[in-house]
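# Structural features, examined
Here is how the chains run, residue by residue.
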Amino acid sequence: MNKTKQPTSQDLLYQQAVQEFGRELTRFVAGYERENRKRQELLQEVHLALWRSMAAYMEQCSLRTWVYRVAHNVAVTHIQRNQRAVERNWASLEELELHVDEAADILLTDRRLDLERVMELVHSLIALDREIILLYLEDLDAASISEITGLSSRNVATKIHRIKSLLANRLAFRRKS
């Protein structure tokens, strides 16, 4: 007798989440990990945690918010684990605002290189600021980011504004140089 296992509601929810947000998750994870091999490992960790979490999903928030909450938590743990293994040079917003990169390359003006600069700057932010801007870049609003990170909506909105200003200033400065 051929018995095929029927998908559970957990499996179905996971499949729905991956179908709707899989590409977004891949981009989101890229913001946390520069190295391709580590990025793939992190993405696998996110998918496993997401599948496991679907057993507890009771529609207390949108599926998208749930997916990002899980991805955020896995990514934070991943960053913390790697930060303990290798000391990195993270910088706070205040520190980055004080330093102007005078050695910026004048010829790097095309969109792809601007994106690389943005991601480089994003990668240099401390973990919480990085998480906020990555969620914002995935088109989540301050209320959703607040729900995911546990910060107040006002604090999230302020941080987003400061990070966007910093990014705009950095890109404008590099274009003028």
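Note that the structure is predicted; figures quoted are calculated from it, not measured. (Residues numbered from 1 in each chain as written. Predicted model: local features only at pLDDT ≥ 70, side-chain atom pairs only at ≥ 80, totals over all residues. Heavy atoms only, no water.)

### A closer look at the confidence of the model for the protein
Scored by pLDDT, the protein comes out at a mean of 81, with 76% of its residues at no less than 70. Within the protein, helix α2 (residues 36-53) carries the highest mean pLDDT (93), whereas helix α4 (residues 93-98) carries the lowest (61). Segment residues 100-109: pLDDT under 50, and 16 contacts once partners within four positions in sequence are set aside and those in other chains are kept. (pLDDT = per-residue confidence, 0-100. Helix = DSSP H or I, 4+ residues; strand = E, 2+ residues; numbered from the N terminus. Contact = heavy atoms within 4.5 Å.)

### Some remarks on the nonpolar core
In terms of nonpolar packing, the biggest core is built from 42 residues, with L50, M54 and V67 touching the most fellow members. Secondary structure elements with two or more residues in this core: α1 (9-30), α2, α3 (63-85), α5 (111-124), α6 (127-137), α7 (142-149) and α8 (153-176). With nine residues, α3 is the largest single contributor of residues to this core. Not counting chain neighbours up to four residues away, the residues in contact with M54 comprise Q10, L13, Y14, A17, L63, W66 and V67. (Core = buried A, V, L, I, M, F, W, Y, C linked by side-chain atoms within 4.5 Å. Buried < 20%, exposed > 50% of the residue type's maximum accessible area, 1.4 Å probe, protein only.)

### Some thoughts on the environment of V122
Structurally, V122 is set in helix α5. Given a relative accessible area of 0%, V122 falls into the buried group. Each C-alpha atom, one on V122 and one on L167, is 8.7 Å from the other, the two residues being 45 residues apart in sequence. The contact partners of V122, leaving out residues within four places of it in the chain, are R130, I133 and L134.

### Observations regarding the pattern of salt bridges
Per the stated rule, a full pass over the model turns up six salt bridges. With its nearest N and O atoms 2.9 Å apart, the salt bridge here joins E138 to R27. Taken together, the residues span a long stretch of sequence, with E138 in the loop between α6 and α7 and R27 in helix α1 at a distance of 111 residues. We classify E138 as buried; its relative accessible area is 7%. (Salt bridge = Lys/Arg side-chain N within 4 Å of Asp/Glu carboxyl O.)

### Structural notes on α2
Spanning 18 residues, α2 covers 25 Å between terminal C-alpha atoms, matching the ideal 26 Å at 1.5 Å per step. Turning to α2, its buried residues number three or more, namely L42, L43, V46, H47, L50 and S53. The buried side chains of α2 occupy one side of the element, clustering within an arc of 140° when seen end-on. Seen from the open side of α2, the exposed residues pointing more than 90 degrees away from its buried face are Q44 and R52. (Expected span 1.5 Å × (residues − 1). Arc of directions from axis to C-beta.)

### Concerning the packing of α6 against α7
Packed helix pairs are characterised by how far apart their axes lie and by the angle those axes make with each other. Remark: α6 packs on α7, axes separated minimally by 10 Å, with the N-to-C direction vectors making an angle of 135°. When the interaxial angle is binned, α6 and α7 end up oblique. Note that α6 runs across α7; the crossing there is right-handed. Residue-level inspection shows I132, L135 and Y136 of α6 in contact with α7, the latter providing I145, I148 and T149. (Axes fitted to C-alpha atoms, helices over the stretch in contact; angles between N-to-C directions. Parallel < 35°, antiparallel > 145°, perpendicular 65-115°, else oblique. Left-handed = near helix turned anticlockwise from the far one by under 90°.)

### Regarding the packing of aromatic side chains
Throughout the structure, instances matching the rule amount to three aromatic pairs. On the numbers, 5.1 Å between centres and 65° between planes, the contact of F28 with Y32 is edge-to-face. A ring pair is formed by F28 and Y68, whose centres lie 5.3 Å apart and whose planes are at 85°; its orientation type is edge-to-face. You can see F28 sitting in helix α1 and its partner Y68 sitting in helix α3, a full 40 residues away along the chain. Each member of the aromatic cluster is reached from another via a ring pair, and the members are F28, Y32 and Y68. (Phe/Tyr/Trp six-rings, centres within 6.5 Å; stacked < 30°, edge-to-face > 60°.)

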